[in-house]
Amino acid sequence: MLGREVRILFGKEWRQLLRSRGAMVTALLLPIILLVLVPGLQMLGLKAGGARPPVNLPPGMVLPRGLRELAEDPVAMMRAMLVPFIALGGLIVPSVTASYTLITERESRTLELLVALPVRVGQILLAKLLALLSLAAAVTLVLFSLDAALILGLGIGSPGYVLALLAVLLTALTYSTTTALLVSLLARDFRTSNNINGLLIGPTILVCFFVALAVPSPLLSALLLAAFFTLGSVVSTLVALKVITFERLLR
């Protein structure tokens, strides 16, 4: 399905990622914290407490629609909050890894070697996108399987809910990778890339928590976020194919 040029470029990008110590540390450390430690400890702590009485809210306090079940069922809050936490794990990892590897590649001037190759800019972008996605997915999917086992084993959610969380994770990975790839290829240095990525990822994280709090069904909020990330990925990819040229890569 992939052309010979893309396969060769993908192999080069993959080997470069594996040799990048900073990228590997980022790809392993952040997902463990965001996808295992934080949600896992919360789920285990919730179940260790056993049956809990309804939460006593202050008089006149109105909860957001997504958390109205909290007064009767504390597990409802866990289901609602897992959605933005899983999205956060998918958003942070590719953006940091892409910025680190691409800016390092530009500063070491290895991008100049690509100009001498008989390849198109679109093939270079596709190879970089596939390499970053492969690394992020290989790490996060293994960690997500631990969350899925806890969710199903502790009775926190249904198989359909787990599949919806998986859709959020995969689309968040794709969205973060495409936007970080675009920003990193246009930015001139690591600081600029991180600043722009922060401006993009920060509001996206707020959107994730807003949807989780505003939508009454965690399953529906997960599907809405997956659709949002898919649309963002398509837009970022189209913009990258339109504006990225060899001249911009080497600038």
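The structure displayed is predicted, hence computed values, not measured ones.

A. Focus on the overall build of the protein. Each helix and strand in the protein was counted, giving nine helices and zero strands. Tracing the protein from N to C terminus, the helices and strands come up as α-α-α-α-α-α-α-α-α. When each of the 251 residues of the protein is scored for burial, the buried share is 46%. Looking at the protein alone, contacts between residues at least 24 apart form 83% of all its contacts between residues at least 6 apart. Total accessible area on the protein is roughly 12,500 Å²; 71% of this is exposed by carbon and sulfur atoms.

B. Up close: the nonpolar core. Ranked by internal contacts, the top residues of the largest apolar core, which has 38 residues, are Leu-91, Phe-144, Ile-151, Leu-165, Leu-225 and Phe-229. Look past the residues within four positions of Phe-144 in its chain and what remains in contact with it is Ile-86, Val-162, Leu-165, Leu-166 and Leu-169. Leu-125, Leu-129, Ala-180 and Ala-240 belong to the second largest nonpolar core, which has 13 residues in total.

C. Fine view of a nonpolar patch on the surface. Taken together, the side chains of Val-25, Leu-28, Leu-29, Ile-32, Ile-33, Leu-37 and Leu-41 define a hydrophobic patch exposed on the protein surface, amounting to about 610 Å² of accessible area. When you line up the elements, Val-25 lands in helix H2 (residues 21–48).

D. Spatial organisation of the packing of helix H5 (residues 121–153) against helix H6 (residues 159–186). Put simply, H5 and H6 touch, their axes get as near as 9 Å, and they point 150° apart. By the angle between their directions, the pair H5 and H6 is classed as roughly antiparallel. For the pair H5 and H6, the sense of crossing is right-handed. By residue class, the composition of the contact of H5 with H6 is 21 nonpolar, four polar and one charged.

E. Representation of the side chain of Ser-236. Its location among the elements puts Ser-236 in helix H8 (residues 218–243). With relative accessibility at 10%, the residue Ser-236 sits in the buried group.

F. Structural detail: the packing of aromatic side chains. If you walk through the whole model with that rule in mind, you get five aromatic pairs. Note on Phe-10 and Trp-14: the rings are 6.3 Å apart at their centroids and 20° apart in plane angle, and the pair reads as stacked. Of this pair, Phe-10 and Trp-14 both sit in helix H1 (residues 4–19), four residues apart, which is roughly one turn of that helix. Assessed through its relative accessible area of 25%, Phe-10 is described here as partly exposed. Looking at Trp-14, the relative accessible area reads 26%, which means it is partly exposed. Ring centres of Phe-228 and Phe-229 lie 5.6 Å apart, and the angle between their planes is 55°; on these two criteria the pair is classed as tilted. Residue Phe-228 is classed as partly exposed on the basis of its relative accessible area of 34%. Taking the relative accessible area as the measure of exposure, Phe-229 reaches 0% and is therefore buried. The rings of Tyr-175, Phe-228 and Phe-229 are connected pair by pair, giving a single aromatic cluster.

G. The arrangement of H6 in detail. Given a rise of 1.5 Å per residue, 28 residues ought to cover 40 Å, and the 41 Å separating the end C-alpha atoms of H6 matches this to within 8%. Of all 28 residues in H6, 20 are buried, a share of seventy percent or more.

H. Seen up close, the side chain of Thr-204. The topology assignment puts Thr-204 in helix H7 (residues 190–214). From its side chain, Thr-204 meets the backbone oxygen of Leu-200 in a polar contact 2.8 Å long. Excluding anything up to four places from it in sequence, Thr-204 contacts Leu-91, Tyr-175, Phe-228 and Phe-229.

I. View of the environment of Val-96. When you line up the elements, Val-96 lands in helix H3 (residues 74–107). On the accessibility criterion, Val-96 (27% relative accessible area) is partly exposed.

J. Here's a closer look at the packing of H1 against H5. At a minimum axis separation of 8 Å, H1 and H5 run at an interaxial angle of 45°. By the criterion of interaxial angle, the relationship of H1 to H5 is oblique. By crossing handedness, the relation of H1 to H5 is classed as right-handed. Judged by residue contacts, Glu-5, Val-6, Leu-9, Phe-10, Lys-12, Glu-13, Trp-14 and Leu-17 of H1 engage Gln-123, Ile-124, Leu-126, Ala-127, Lys-128, Leu-130, Ala-131, Leu-132, Ser-134 and Leu-135 from H5. Looking at the contact of H1 with H5, its residues break down into twelve nonpolar, two polar and four charged.

What counts and how
- Residues numbered from 1 in each chain as written.
- Predicted model: local features only at pLDDT ≥ 70, side-chain atom pairs only at ≥ 80, totals over all residues.
- Heavy atoms only, no water.
- Helix = DSSP H or I, 4+ residues; strand = E, 2+ residues; numbered from the N terminus.
- Buried < 20%, exposed > 50% of the residue type's maximum accessible area, 1.4 Å probe, protein only.
- Contact = heavy atoms within 4.5 Å.
- Areas by Shrake-Rupley, 256 points an atom, 1.4 Å probe, with all protein chains shown as cover.
- Core = buried A, V, L, I, M, F, W, Y, C linked by side-chain atoms within 4.5 Å.
- Patch = residues over 30% accessible without salt bridge, like charges linked within 9 Å, V, L, I, M, F, W, Y side chains within 5 Å.
- Salt bridge = Lys/Arg side-chain N within 4 Å of Asp/Glu carboxyl O.
- Axes fitted to C-alpha atoms, helices over the stretch in contact; angles between N-to-C directions.
- Parallel < 35°, antiparallel > 145°, perpendicular 65-115°, else oblique.
- Left-handed = near helix turned anticlockwise from the far one by under 90°.
- Nonpolar A, V, L, I, M, F, W, Y, C, P; charged D, E, K, R; others polar.
- Phe/Tyr/Trp six-rings, centres within 6.5 Å; stacked < 30°, edge-to-face > 60°.
- Expected span 1.5 Å × (residues − 1).
- Polar contact = N/O pair within 3.5 Å; in protein donor to acceptor, adjacent residues only side chain to side chain.

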